[in-house]
Amino acid sequence: MEDSQSHLRAKADKYRVFARWLSDRETAQRILTLTNELEQRASAMEKPSEEDIRKRAHELWEHAGKPENRDEEFWHLAEQELRNADKSSPLRTPDNL
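The name an unreviewed UniProt entry gives the protein is DUF2934 domain-containing protein, with Bradyrhizobium erythrophlei as the organism.

Have a look at this one:
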């Protein structure tokens, strides 16, 4: 996962430098918007916070009818969901701006 984060951050840096060379302000702004999205995507790939996991696990537990003795199961499920949450949204590239 760290490799993917590095790749996204490197791509954002590359696009940011490229945008500085453009004379068309609108295109440059679109590229800068893309760099922000890439940075956000890289940040989202980081491990979810314990508080976020706790909240999501509690929601899942409540939705399942509050069963007893299944804390770890809901914790792991919540952690997995949060790690995969951002993967479902499409990544924007210069080709689909």
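That covers the picture; the talk isn't over yet.
Q: What am I meant to see in the confidence of the model for the protein here?
A: Summing up the model confidence of the protein, the mean pLDDT is 83 and the portion of residues at 70 or higher is 85%. Put simply, helix H1 (residues 2-20) is where the protein has its lowest mean pLDDT, 85, and helix H3 (residues 50-63) is where it has its highest, 93.

Q: For this particular structure, what's the right way to read H3?
A: Note on helix geometry: an α-helix contains 3.6 residues per turn, so any two residues three or four positions apart are oriented the same way. Helix length check: H3, at 14 residues, gives a terminal C-alpha distance of 20 Å against a target of 20 Å (1.5 Å per residue), a fit within 8%. The elements touched by buried residues of H3 are helix H4 (71-84). One or two residues past the end of H3 sits Gly65, with phi positive at roughly 90 degrees.

Q: Please explain the environment of His76 as it appears in this structure.
A: If you trace the backbone, His76 turns up in helix H4. Of the residues examined, His76 reaches a relative accessible area of 46% and is grouped as partly exposed. Note: C-alpha distance between His76 and Ile53 (23 residues apart in sequence) is 8.5 Å.

Thresholds applied
Residues numbered from 1 in each chain as written. Predicted model: local features only at pLDDT ≥ 70, side-chain atom pairs only at ≥ 80, totals over all residues. Heavy atoms only, no water. pLDDT = per-residue confidence, 0-100. Helix = DSSP H or I, 4+ residues; strand = E, 2+ residues; numbered from the N terminus. Expected span 1.5 Å × (residues − 1). Contact = heavy atoms within 4.5 Å. Buried < 20%, exposed > 50% of the residue type's maximum accessible area, 1.4 Å probe, protein only.

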